[in-house]
Amino acid sequence: MSTMDDYDSLKKLDHSYIWHPFTQMKDWCEEDPLIITEGRDCFIKDARGRWYLDGVSSIWVNVHGHRRAELDRAVREQLDRIAHTTMLGVSNDAAIKFAERLVKSVQRSLGPSLTKVFYSDNGSTAVEAALKMAYQYWVHKGVKGRTRFLSLENGYHGDTLGAVSVGGIDMFHEAFKPLLFESLHAPSPYCYRCKLTDSTPDKCGRECLKEMEKLLDKHAGEIAAVILEPMVQGAGGMIVFPPGYLGGVRELCTKHDVLLIADEVATGFGRTGRMFSCEHESVSPDILCLSKGITGGYLPLAATVTTDEVYGAFLGEYKELKTFFHGHSYTGNPLACAAGMASLDVFESDRTLEAMVPKTEMLAGWLKEAAALPHIGDARGLGLMAGVELVMDKATKEPYPWEERMGVRACMSAREGGVLIRPLGNVVIIMPPLAISLDNLEKMLEVIAGGIKSVTS
Ligand SMILES: *Cc1c(COP(=O)(O)O)cnc(C)c1O
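Residues numbered from 1 in each chain as written. Predicted model: local features only at pLDDT ≥ 70, side-chain atom pairs only at ≥ 80, totals over all residues. Heavy atoms only, no water.

Our focus in this paragraph is the packing of helix α13 (residues 352-370) against helix α15 (residues 438-456). Axes are the key here: two packed helices are described by the angle between their axes and the distance separating the axes. Remark: α13 packs on α15, axes separated minimally by 10 Å, with the N-to-C direction vectors making an angle of 20°. In terms of orientation, α13 lies roughly parallel with respect to α15. In this structure, the crossing between α13 and α15 has a hand that is right-handed. Taking contact as the criterion, the partners of Pro 358, Lys 359, Met 362, Leu 363 and Trp 366 in α13 are, on α15, Leu 438, Leu 441, Glu 442, Leu 445, Ile 448 and Ala 449. In terms of residue class, the contact of α13 with α15 is built from nine nonpolar, no polar and two charged. (Axes fitted to C-alpha atoms, helices over the stretch in contact; angles between N-to-C directions. Helix = DSSP H or I, 4+ residues; strand = E, 2+ residues; numbered from the N terminus. Parallel < 35°, antiparallel > 145°, perpendicular 65-115°, else oblique. Left-handed = near helix turned anticlockwise from the far one by under 90°. Contact = heavy atoms within 4.5 Å. Nonpolar A, V, L, I, M, F, W, Y, C, P; charged D, E, K, R; others polar.)

Here it is in structure tokens:
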């Protein structure tokens, strides 16, 4: 069978049997899909034999590249023992060892207070567990009425209903409103489109923090926790916090005695240049949600990491019913934990964070240059997590109408140049694996700039 026959038959089967996430299937079935069959390093190969640079890190999960020998070996070795067992009433060696290793890594970055790992299998479930934990923490402490959550506009915490309830992206979340619990929303620290002040970012008085404090005052005694994506709101469009914001939120949470849930599903594991992004402002959350990069991008796994204080509130006699009644079938999957362990080894052997520095600098330099292009309103990022916001009119910041799909068009143009990226609305997202070489990063940025120029000129 030739490659082409292969592709055509795969395409037909895909169209016959698959419903893709976040995809208008009518469009999808009218297009030639990209079908990935193989990967190596920071590249992926499609069923027609073309190689692409994986500029989206296979949706923000890949860290050390595809087919890293160390990770492959760890998964194979685990496979020779057992692929899956359960954490409900049983434990497994891979999950135990990885929990210790993960806590140590978290503590090196964020200090000693986070101590306990609650496993699940994706970012949304890590958040669901965090929300239920935070709510029940207060119940078990005998504090009544703490039933609400304060989150941010433009926040994204996953697609299950609890996670959507604390989400702040209207396009994704509005449709399900009747099904959701109500949450409080503080303004997003989105300096480029700040609704609170006319002052320039350097003269900014942190009005967004003041608004959050107003909500904490107004709803004193009702709020269980504040939940946010520390330092960068990812799916909201790579919105980078101004200095002092995250630290300010931590102070407010402490002052008003509410828990802080840090959703580091996207920012965790080196993505922003620190192992965990709370480290940028020396913030230690009460609950930390991790997934995406946790296995280096190999297998589904998540962790909700919390403190002795939160964990301790759930301890009691069996009949007190303080048990955390929550769990998933694939919780603490041994193959995934083995990959996670190997990924943390590679962070050490590759010195991944140190090796990122010149790449982060190159990207920051490129963003600065890109910001001068006529249809780029804002170019922002932290570490190897960046976004370029396309606007129809730079002076008025008027966005392109979303139906024009400018972001998609820019990314399709980059795809022709051999770079696979995926936009968020009008924001072109740049998210290469942390292991990308300087050369490949340079090529990737050239292709992306070319793609943006060709569709906006
Ligand atoms: C991707 C993401 C999630 C959801 O993770 P899934 O594994 O897709 O369920 C939650 N929070 C943040 C910040 C994310 O970026």
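So, on to the sheet that holds strand β6 (residues 184-186). Strand pairing in a sheet relies on backbone hydrogen bonds. The paired strands run either parallel or antiparallel. Taken together, seven strands build an open sheet; the order of strands is β4-β12-β11-β10-β7-β5-β6 and the sheet is mixed. Edge positions in the open sheet fall to β4 (114-120) and β6, since each of these has one partner strand only. Looking at each pair of strands side by side, their axes are set apart by 20° on average, direction ignored. As paired elements, strand β7 (residues 223-228) and strand β10 (residues 259-263) share four bridges and run parallel to each other. Of the residues in β10, the one forming a bridge with Ala 225 is Leu 259. Strand contacts of helix α5 (residues 93-110): β4, β11 (287-290) and β12 (302-307), with the helix running at about 130° to β4, the strand carrying the most contacts. (Pairing = 2+ DSSP bridges.)

Let us look at the sheet that holds strand β3 (residues 51-54). Read from one edge to the other, the open sheet built from four strands follows the order β1-β2-β3-β16, with strand pairing classed as mixed. Looking at the sheet topology across the chains shown, the edges are occupied by β1 (36-40) and β16 (419-420). Across four bridges, β1 lies against strand β2 (residues 43-46) in antiparallel orientation. For Ile 36, the partnering residue across the bridge sits in β2 and is Asp 46.

Here we come to unusual backbone geometry. Apart from glycine, the bulk of residues carry a negative phi angle, and the bulk of peptide bonds sit in the trans form. With a phi angle near 45°, Ser 58 is a residue other than glycine that sits in the positive phi range. Counting through the fold element by element, Ser 58 comes out in helix α3 (residues 57-60). We classify Ser 58 as partly exposed; its relative accessible area is 29%. Positive phi outside glycine occurs at Asn 154, with the angle close to 70°. Its location among the elements puts Asn 154 in the loop between β5 (148-152) and α7 (161-165). (Buried < 20%, exposed > 50% of the residue type's maximum accessible area, 1.4 Å probe, protein only.)

Right, let's talk about the pairing of β2 for a bit. In β2, alternate side chains face the same way, and those of Ile 44 and Asp 46 are buried while those of Phe 43 and Lys 45 on the opposite face are not. In textbook terms, the turn of a hairpin is the stretch between consecutive antiparallel strands, and for β1 and β2 this stretch comprises two residues, one of which, Asp 41, has a positive phi near 50°. Sheet analysis places β2 next to β3, joined by three bridges and oriented antiparallel. Residue Ile 44 lies in a different strand from β3, and its bridge partner there is Tyr 52. Counted along the chain from β2 to the antiparallel partner β3, the turn is four residues long, and its residue Gly 49 has a positive phi close to 90°.

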